[in-house]
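Residues per chain, in single letters:
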Amino acid sequence: MNDAAPQKPGEANPHVTLITPSAPIATPTHGGRAKCLQRLVRLDLPVPRTVALSFGTVHRIASGELPDIRAMLDIFGAGALLCVRPSSEDPDWGGPGAILNIGMNDASCALLAERIGAEAAACLYLRFVQAYAIHVERLDADLFDEIEDPGEEGLAAAMAAYEEEAEAPFPQDPAHQLAQVLRSMARAWEGTTARLLRQAKGAPMDAGLGLVVQEMALGIGRGECGSGVLQLADSDTGLRQITGRYLSQSQGREALEQGSPALFLTCDPRGPSLEETAPEAFKALCGFAETMRNRLREEMQIEFTIENGAVHILDGVRVRRSARAAVRIAVRLAEDGIIPPQEAILRIDPHAITELLHRQVAPGTRRDVIGRGVAASPGAATGKIVFSAAEAQASAARGEACILVRRETSPEDVRGMHAASAVLTERGGMTSHAAVIGRGMGLPCVVGAARMKFHVTRKFLVAEDGRTLREGDVITIDGSSGQVLAGAPAMVEAALDDAFQTLMGWADTWRDIGVRANADTPDDAATARNFAAQGIGLCRTEHMFFEADRLTPMREMIFADAPEDRKAALARILPMQRADFTELFRIMEGMPVCIRLFDPPLHEFLPTDRAGLRDLAEALDLPVSDVTRRVESMGEYNPMLGLRGVRLGITVPEIYDMQARAIFEATLDASRDGAPVVPEIMLPLVSAKREVELLRARIDAVAAAVKAERGRGFDYRLGVMVETPRACLRADEIAPYTQFLSFGTNDLTQMTYGLSRDDAGRFMSDYVSQGVFREDPFHLLDIEGVGELLAIGAERARQACPGLTLSICGEHGGNPESIAFCRAIGMDYVSCSPFRVPVARLAAAQLAI
Ligand code: PEP
Ligand code: MG
């Protein structure tokens with residue numbers, strides 16, 4: 001390092017700031033690299049002398065207004081070799097590559113030759129000539145293809161090639177060299193392609209570039225010289241492990257180049273290491289790395305150079321990390337007392353947590369994308385294509401992983417979904433049948449892949465690029481990105497490790513809004529408990545009838561015309577439901593369980609094909625023609641707005657009576673050998689207070705009857721699912737009949753937009769890509785429209801009944817942005833698919849910190 005007098009603020013060269021512990025360097029004006037280098041200087045680490053150029057200065061350079069270059073060179077002193085590196089606000093936005101060895105000319109080469117040898121000096125000069133030619137003069141890189149010798153011979157050849165192509169001698173004046181380097185880097189940042197690239201990574205239109213000019217530590221020369229990178233944690237796992245590469249006689253990031261003969265850092269059976277080659281330098285380096293970790297409160301990757309045995313720290317960047325490494329790194333920093341636990345919580349992106357809960361396509365793996373749809377249920381799975389539930393089951397019986405491919409799914413497909421590793425459908429959106437069931441089961445699912453052609457009956461599929469895929473071909477569904485991939489890419493497993501559990505435990509101590517799960521089956525409930533849900537916020541009882549042996553009694557009940565037929569059908573269902581509820585109550589051990597009475601969009605339960613009609617005819621002992629006629633007569637023009645939910649309860653009240661009885665009997669059964677159960681019963685699709693009034697009276701009567709029959713008492717809570725706009729607007733008159741309201745934002749979004757939740761997937765991507773919707777409103781709560789209805793509903797309900805419990809149970813309940821809104825309008829809890837519970841717990845904690 002040279003000892004030129006430090007520049008005083010405001011003096012001589014105001015555009016250029018020497019980095020000292022107290023210099024006015026800030027990320028928003030000089031970029032992250034400059035700010036980080038200042039931190040390293042403050043820590044007294046051996047950082048070569050560095051000056052920072054602000055965004056404004058670099059912008060002016062791009063417009064042709066150069067700062068005082070000679071004054072800048074004076075800061076470094078005569079003969080110093082320099083490098084220039086980009087310093088943007090966010091390193092992920094990219095920027096022009098670093099240019100090293102500025103200042104090399106015939107004279108400095110001769111001087112340097114005395115110090116480090118003629119070949120080494122020529123090597124540095126050659127590198128600079130090449131970099132200058134390619135990046136500053138924009139000459140063809142292949143101009144230097146023939147040069148093999150890295151020393152004096154190569155330099156002579158490179159000089160000749162340069163002079164011939166540039167039709168000028170290589171510039172010798174260091175001030176001219178530096179000015180041209182700064183100008184070319186500043187202009188590269190302002191070019192259209194670079195701007196578009198960084199905007200795609202989230203950079204704003206006017207993102208600025210700072211530059212840092214640093215004195216070179218020479219990685220080439222006498223004694224141990226070289227360069228490399230080091231970090232103390234593994235980027236994939238986050239585990240404590242010294243990793244990195246070091247290459248003797250190298251500069252910049254050469255040690256990281258593919259095929260470079262770089263050394264490992266610590267002793268390694270695969271080859272020689274820096275620890276063995278230069279133990280003193282290695283020890284010093286590890287000490288500096290520890291200091292950086294402790295004082296910068298972050299795992300950093302250090303870029304270093306060793307010059308004649310002495311270590312120089314050129315830069316530090318946050319260690320790149322996978323989602324699982326991010327959790328472990330944050331938790332370890334907190335456990336080591338370097339950051340408080342709440343900061344560890346804040347450092348993890350809740351969306352990224354999803355990656356830990358499911359298998360994923362390994363980062364960096366080449367993806368052969370054959371289709372795209374809605375990323376409906378996260379995780380990735382590979383298997384052979386099957387086109388029916390029966391084939392999925394057969395495949396599972398053979399022990400072969402399969403992907404169930406359907407136009408859309410219905411209850412008849414659920415057993416196939418259980419057997420499959422993933423599901424792909426042509427139709428549907430975030431709240432379609434396949435999506436909701438897939439998320440509940442933790443099954444990767446892509447829906448609405450309408451740009452692929454589905455020939456389900458003829459058993460083939462045409463990819464977006466025209467390739468044909470047949471039954472048995474292997475594909476991969478990536479339900480996290482919505483991509484369909486050909487073949488079997490490498491995967492990484494789910495990672496619910498100790499670090500994850502620790503972080504979740506900390507999150508729970510901070511959050512102030514409850515998190516429950518939507519769970520319909522004992523499996524769902526067990527998953528919900530595993531993820532520490534605080535109860536069940538929505539049990540969709542019609543989903544308990546998706547299994548093959550349950551579908552027929554359900555259909556018989558829907559079909560029954562005469563009261564005695566219905567009574568018989570209900571009598572068959574009652575014990576099934578009682579057993580279902582008893583098991584749920586037992587699994588949840590006294591935690592609240594909110595059971596929604598039947599809300600079957602009838603079309604989902606009616607057979608659609610000949611085989612289904614025949615099965616039903618057999619069960620009912622009727623001719624197929626009768627059954628077909630009846631199915632047709634029950635058909636509705638718009639089943640999602642037809643005889644659903646509470647409307648079924650009003651028109652055929654015996655059905656809800658049966659369910660209420662099953663719930664109450666299960667309450668008493670489960671309370672006998674466990675914690676007392678207080679069931680919550682919820683009425684779906686309510687739009688008028690009279691619906692609630694009528695049904696409340698009937699359910700109270702069933703409760704009284706069960707108490708009398710069993711001679712034992714119990715409590716229960718009645719609630720309404722608010723999922724029609726009218727229920728939001730009239731929440732004040734509905735609330736007094738209830739103890740709780742739960743907003744069903746799937747239907748509420750459908751009705752507010754007048755947008756079919758099952759068909760939206762077909763055109764949603766066009767709507768989002770053209771900016772009509774910022775995001776799929778079935779995925780991210782529409783705060784402006786649907787949100788206003790929620791706010792009105794919550795306010796009116798609370799005004800009428802201040803102690804009322806309010807919650808959300810639509811799919812939005814698991815989305816961090818939507819949770820923020822629910823918390824802001826005073827909801828008590830959110831309820832979401834079991835696999836989204838950890839995401840919700842973390843997001844809720846971040847909101848409370
Ligand atoms: C809703 O509409 O938000 C809801 C949770 O119910 P479902 O998805 O079963 O219609
Ligand atoms: Mg609904």
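Remember, predicted model here, so these are calculated numbers, not experimental data. (Residues numbered from 1 in each chain as written. Chains lettered and ligands numbered in written order. Predicted model: local features only at pLDDT ≥ 70, side-chain atom pairs only at ≥ 80, totals over all residues.)

Colleague: Lay out the UniProt feature "domain: PEP-utilising enzyme mobile" (unreviewed entry) in the chain with the relevant residues and their values.
Modeller: Feature annotation in UniProt assigns "domain: PEP-utilising enzyme mobile" (unreviewed entry) to the following positions: residues 401-482. From the first C-alpha to the last, residues 401-482 spans 20 Å; its make-up is 18% helix and 32% strand. (UniProt positions renumbered as here; feature names shortened; annotations may be inferred. Helix = DSSP H or I, 4+ residues; strand = E, 2+ residues; numbered from the N terminus.)

Colleague: Can you tell me about the site of ligand 1, naming the residues and giving the values?
Modeller: Neighbouring ligand 1 are the residues Thr431, Val436, Leu538, Arg540, Asp599, Glu723, Gly744, Thr745, Asn746, Asp747, Cys809 and Gly810. The set of elements that each furnish at least two residues to the shell around ligand 1 consists of β24 (536-540) and α29 (745-753). Looking at the shell around ligand 1 element by element, the count peaks at three residues for α29. Looking at the shell around ligand 1, its residues break down into three nonpolar, five polar and four charged. (Near = placed C-beta within 6 Å. Nonpolar A, V, L, I, M, F, W, Y, C, P; charged D, E, K, R; others polar.)

Colleague: How would you sum up the environment of leucine 613? Please name residues and give values.
Modeller: Tracing the sequence through the fold places leucine 613 in helix α22 (residues 610-620). Sequence separation of leucine 613 and proline 623 is 10 residues, and the distance between their C-alpha atoms is 9.7 Å. Discounting residues that sit within four places of it in the chain, leucine 613 has contacts with Pro607, Val624, Val627, Thr628 and Val631. (Contact = placed C-beta atoms within 7 Å.)

Colleague: A description of the domain arrangement of the chain should follow, citing residues and the corresponding values.
Modeller: Taken domain by domain, the chain comprises domain 1 (16-215), domain 2 (226-321) and domain 3 (360-492). Centre-to-centre separation of domain 1 and domain 2, based on C-alpha positions: 23 Å. At the junction of the two partners, domain 1 supplies 14 residues and domain 2 supplies 13 residues. Looking at which element gives the most residues to the side of domain 1 that touches domain 2, the answer is helix α2 (residues 32-42), with five residues. A per-class count over the side of domain 1 that touches domain 2 returns 11 nonpolar, one polar and two charged. (Domains from an automatic or database assignment.)

Colleague: Go over the sheet that holds strand β23 (residues 514-518) with me, naming the residues and quoting the values.
Modeller: The eight strands lie next to each other as β23-β24-β25-β26-β27-β28-β29-β30, forming a closed barrel whose pairing is parallel. Neighbour-to-neighbour, the strand axes of this sheet turn through a mean angle of 25°, independent of strand direction. Relative to β24, β23 is paired through two bridges, and the arrangement is parallel. Paired with alanine 517 across the strands is isoleucine 536, a residue of β24. (Pairing = 2+ DSSP bridges. Axes fitted to C-alpha atoms, helices over the stretch in contact; angles between N-to-C directions.)

Colleague: Please provide a residue-by-residue account of the packing of helix α25 (residues 653-672) against helix α26 (residues 689-710), values included.
Modeller: Where α25 meets α26, the closest approach of the two axes is 9 Å, and the angle between their N-to-C directions is 40°. Viewed along their axes, α25 and α26 adopt a mutual orientation that is oblique. For the pair α25 and α26, the crossing hand works out as right-handed. Two secondary-structure elements touch here, α25 through Pro653, Tyr656, Asp657, Ala660, Arg661, Phe664, Glu665 and Leu668 and α26 through Leu695, Arg698, Ile699, Val702, Ala703, Val706 and Arg710. (Parallel < 35°, antiparallel > 145°, perpendicular 65-115°, else oblique. Left-handed = near helix turned anticlockwise from the far one by under 90°.)

Colleague: How would you sum up the packing of helix α6 (residues 118-136) against helix α8 (residues 174-190)? Please name residues and give values.
Modeller: Where α6 contacts α8, the axes come no closer than 10 Å and their chain directions differ by 40°. Taken together, the axes of α6 and α8 lie oblique to each other. α8 is crossed by α6, and the crossing has left-handed handedness. Side by side, α6 and α8 meet where Tyr132, His135 and Val136 of the first sit next to Gln177, Gln180, Val181 and Ser184 of the second. The class makeup of the residues in the contact of α6 with α8 is three nonpolar, four polar and no charged.

Colleague: How would you summarise the sheet that holds strand β18 (residues 460-462) if you had to cite specific residues and measurements?
Modeller: Here three strands make up an open sheet; going across it, the order is β17-β18-β19 and the pairing antiparallel. Every other strand in the sheet has two partners, leaving β17 (453-455) and β19 (468-470) as the edge strands with one partner each. The average angle at which neighbouring strand axes cross in this sheet is 15°, direction not considered. As defined by bridge partners, β18 adjoins β19 across three bridges and the pair is classed as antiparallel. Bridge pairing in β19 places valine 462 opposite threonine 468.

Colleague: Which residues make up helix α32 (residues 816-824), and what values go with them?
Modeller: Among all positions of α32, only Ser818, Ile819 and Cys822 are buried. For α32, the angular spread of buried residues about the axis comes to 105°, placing them on one side. Residues of α32 that are buried in the fold lie against β29 (805-808), β30 (829-832) and α33 (837-848). Note on α32: the residue one or two positions beyond its end, glycine 826, has a positive phi of about 85°. (Buried ≥ 20, exposed ≤ 12 C-beta atoms within 10 Å, placed from the backbone. Arc of directions from axis to C-beta.)

Colleague: I'd like a rundown of the UniProt feature "binding site: substrate" (unreviewed entry) in the chain, residues and numbers included.
Modeller: Under the present numbering, the feature "binding site: substrate" (unreviewed entry) in UniProt falls on Arg540, Arg596, Glu723, Gly744, Thr745, Asn746 and Asp747. Position of arginine 596 among the secondary structure elements: in strand β25 (residues 593-596). Once you skip the residues sitting within four places of it in the chain, arginine 596 turns out to touch Leu538, Cys539, Arg540, Thr541, Met682, Pro684 and Met721. Relative to the helices and strands, aspartate 747 is located in helix α29. Ignoring any residue separated from it by four or fewer positions in sequence, one finds aspartate 747 in contact with Leu685 and Glu723.

Colleague: Explain the nonpolar core residue by residue, including any values.
Modeller: Generally speaking, soluble globular proteins have nonpolar side chains that are buried together. Val84, Leu503 and Ile536 are the most contacted members of the largest nonpolar core, which totals 252 residues. Here this core gets 12 residues from one element, more than from any other, and that element is α6. Setting aside residues no more than four positions away along its own chain, valine 84 makes contact with Ala98, Ile99, Ile102, Val181, Leu182, Met185, Leu211 and Val213. (Core = buried A, V, L, I, M, F, W, Y, C linked by C-beta atoms within 7 Å.)

Colleague: Tell me about the environment of methionine 764, residues and numbers included.
Modeller: Structurally, the position occupied by methionine 764 is in helix α30 (residues 761-769). Judged by the 24 C-beta atoms lying within 10 Å of it, methionine 764 falls in the buried class. The spatial distance from the C-alpha of methionine 764 to the C-alpha of glutamate 307 is 58 Å, given a sequence separation of 457 residues. Those residues in contact with methionine 764 that lie beyond four places of it in its chain are Val374, Gly429, Gly448 and Asp776.

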